[in-house]
Amino acid sequence: MKIIVFELVKALAPLWRILGADPVALQAIVAVKLTMDNRRSYTALGRYGQGQTGDKNHQFLLILGVYAFFGLFVGGVVLLVPPRTAMFIPLAVSFGYVMMFCAMTLLSDFSSLILDSADNQIILPRPVSGRTLLMARIVHVASYLFAITLALSLVSIGVVTYRFGPVAGLVYLAMALLASMLMVFLTNVFYLLLMQFTSEERLREVINYFQIGMAILFYGSYQVLPRLVDPETFGRATEWQTWFYAVPPIWMAGAVDMLIQPAFDTNHALLALLAIVMPFGGLWFMSRVLGPVFNVKLAGMEQDQQPTVAAGAVRQPSALTQRLSRVLTNSPLERAAFGLIWSITARDRKFKLKTYPQLGFGLAYIIVMSTGSISYSGRSDFFYLFALYYTGLFLMTAQYQLAASDDYKAAWVYGSTPISQPGEILSGAMKALITKLMVPFYGLVAAYILWRYGLHTIDDILLAFSNSLIITMSAALANERRLPFSITQDAIRRSNTARSMVALLVMALVGGAHYGLSQLPYAVGVATPVSAGIFWYLFRVYRQTGWQQISFE
């Protein structure tokens, strides 16, 4: 990919001059950035972006394959079924799908590249303008975004080409690439607006919460939107609406629909004009207007990246944390681990980004499944048991992610202190996760189930909570035991997938046994204290973990 991008950058030298950038400097910066990319991981893309070897090109091809698979739904269903006369809305849905994925990718994986202020320190003291640096940053990100867009649109392009000819397929490809270019512009505008209305030291925190919110919105919409779509809409022509001109995916849909119908009228022509002019206009606006302002704002973020006391390295635990730790822990070491995990999980951006979206997704999934057309209305007992055990996955994910950190080298402190029983650190961390994450999340789900299905579900709620803790403890005992924040983000991927599948199988078996007990009188009430006793025993075993059972790999 590096060679293709480099040749395209060279071929577009006149365009860079029009935008006010130096083509030679831009080529050199982009070449270095693409070379350095073989040394980084695409952390926000999960396990697909983190290889065990140094071949990042192979890993990126794997990512593209996954995105192409995601595009099967839009290309194989949304665009394949409707007749020629009713393609406008399906095309808008397909372009909206592509643009949503582009926005998610920009906000999750590439925000660190867009907001990288290290370039300012290294490059700007040289005879390189701010516009050139901004365009190099945009070209760098856009090169990956175009590849991802092509993968997402691959099936759709094939379907459009098969149904309406190769010219229509080429127009669809061009519109998809312009849609991704427009998302680059809108994302940069979004970042600049954040810089205007929040302090530099809070910017990364705001972006992190926005990433979490976007992930929840994306996963939630994946469940909600298909249930809101009227199937008849995809079988009839759409009446023209004035607000179409304000929706970017509809611009691209109008350009393709104009060729498919064909319909060379004023409405389609205006949409096609917007689809072409707005991305290139945004590129010019970024270069001429946003470039200097963006670089000045990025310079103010350098202080946010420095390890200061205000960043929370020695922040004292809150009164609530201290009170909870005194009540829930049994030793000074366990109390210290409780406070450490409570504080760091509130500040570690990657931990929150990998863990918190599942909370929102879980709530959306449970609510939609309980109110939709497949809400198991005839088997409500089965559904709410499924929902209760489903929340246990959140705690398992949090416990799984707890071992990883970008500052894993600080784990030397574990070996430099006179700790004879590291299991107390593990137990304190587990108590913090249960108290801070599991209890509130489970409480929300339990409250919803009580409201929807009645007070008779209390026994099931208590037993499911205890069983979920048993499943989490079983997974913690079966997997490699690692101290909190002691390994790299890449190393955590190497955990055995088979063990995770076994944990899910155990969850299914335990949930099935619970369902069976719920059919017997008083069985759930009798089983609850037994389950609590099993959890207490497993937790005690976990707390007695010795150094020989700890893994640092």
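Look up a bit, the structure's there.
The structure displayed is predicted, hence computed values, not measured ones.

What counts, and where the lines are drawn
Residues numbered from 1 in each chain as written. Predicted model: local features only at pLDDT ≥ 70, side-chain atom pairs only at ≥ 80, totals over all residues. Heavy atoms only, no water. Helix = DSSP H or I, 4+ residues; strand = E, 2+ residues; numbered from the N terminus. Buried < 20%, exposed > 50% of the residue type's maximum accessible area, 1.4 Å probe, protein only. Contact = heavy atoms within 4.5 Å. Axes fitted to C-alpha atoms, helices over the stretch in contact; angles between N-to-C directions. Left-handed = near helix turned anticlockwise from the far one by under 90°. Nonpolar A, V, L, I, M, F, W, Y, C, P; charged D, E, K, R; others polar. Phe/Tyr/Trp six-rings, centres within 6.5 Å; stacked < 30°, edge-to-face > 60°. Parallel < 35°, antiparallel > 145°, perpendicular 65-115°, else oblique. Patch = residues over 30% accessible without salt bridge, like charges linked within 9 Å, V, L, I, M, F, W, Y side chains within 5 Å. Areas by Shrake-Rupley, 256 points an atom, 1.4 Å probe, with all protein chains shown as cover. Salt bridge = Lys/Arg side-chain N within 4 Å of Asp/Glu carboxyl O. Polar contact = N/O pair within 3.5 Å; in protein donor to acceptor, adjacent residues only side chain to side chain.

(A) Geometry of the overall build of the protein. Each helix and strand counted, the protein has 23 helices and 0 strands in total. Residues classed as buried in the protein amount to 50% of the 553 residues present. Considering only intrachain contacts with a sequence separation of at least 6, the fraction spanning at least 24 residues in the protein is 82%.

(B) Region of interest: unusual backbone geometry. Of note, the bond from Gln261 into Pro262 is cis; its omega dihedral lies within 30 degrees of zero at -15°. By secondary structure assignment, the location of Pro262 is in the loop between α12 (248–260) and α13 (266–299). Phi angles above zero are rare outside glycine, and Phe485 is one such case at about 55°. Along the polypeptide, Phe485 turns up in the loop between α21 (458–478) and α22 (497–518). Overall, Phe485 belongs to the buried group, its relative accessible area being 7%. We note that Tyr522 has phi near 65°; this positive angle belongs to a residue other than glycine. Along the chain, Tyr522 turns up in the loop between α22 and α23 (523–543). Since its relative accessible area comes to 74%, Tyr522 is described here as exposed.

(C) Inspection of the packing of helix α20 (residues 423–453) against α21 at higher detail. Two elements in contact, α20 and α21, have axes whose closest approach is 11 Å; the angle formed by their N-to-C orientations is 150°. In this structure, the crossing between α20 and α21 has a hand that is right-handed. Across the interface between the two elements, Met430, Ile434, Met438, Val439, Tyr442, Ala446 and Leu450 from α20 touch Ile458, Asp460, Ile461, Ala464, Phe465, Ser468, Leu469, Thr472, Met473 and Ala476 from α21. The residue inventory of the contact of α20 with α21, partitioned by class, reads 14 nonpolar, 2 polar and 1 charged.

(D) Spotlight on the packing of aromatic side chains. Applying the stated rule across the entire model yields 12 aromatic pairs. Through a chain of ring-to-ring contacts, the aromatic side chains of Tyr67, Tyr97 and Phe101 assemble into a single cluster.

(E) Representation of the packing of α20 against α23. Running from N to C, α20 and α23 cross one another at 135°; their axes reach a closest spacing of 7 Å. Relative to α23, α20 is oriented oblique. Taking contact as the criterion, the partners of Gly423, Glu424, Leu426, Ser427, Met430, Lys431 and Ile434 in α20 are, on α23, Phe535, Phe539, Tyr542 and Arg543. Each residue belonging to the contact of α20 with α23 can be placed in one class, and the counts come to 6 nonpolar, 2 polar and 3 charged.

(F) How the structure looks around the environment of Ser466. Following the sequence through the fold, Ser466 ends up in helix α21. In this structure the C-alpha to C-alpha distance between Ser466 and Phe535, which are 69 residues apart in sequence, comes to 7.0 Å. If we ignore the near neighbours within four places in the chain, the residues touching Ser466 are Thr528, Ser531 and Ala532.

(G) Examining a nonpolar patch on the surface more closely. A contiguous nonpolar patch, built from Phe73, Val77, Leu80, Val81 and Tyr162 and spanning about 570 Å² of accessible area, is present on the exposed surface. Following the sequence through the fold, Val77 ends up in helix α5 (residues 72–78).

(H) Expanded view of the pattern of salt bridges. Overall, the coordinates contain 3 salt bridges when judged by the stated rule. Put simply, Arg543 and Glu334 hold a salt bridge, and the shortest N to O gap is 3.1 Å. Placement of the pair is Arg543 in helix α23 and Glu334 in helix α15 (residues 332–347), with a sequence separation of 209 residues.

(I) Inspection of the environment of Ser143 at higher detail. Here Ser143 shows up in helix α9 (residues 130–164). Assessed through its relative accessible area of 9%, Ser143 is described here as buried. In this structure the C-alpha to C-alpha distance between Ser143 and Ile4, which are 139 residues apart in sequence, comes to 9.5 Å. There is a polar contact of 2.6 Å between the side chain of Ser143 and the backbone oxygen of His140.

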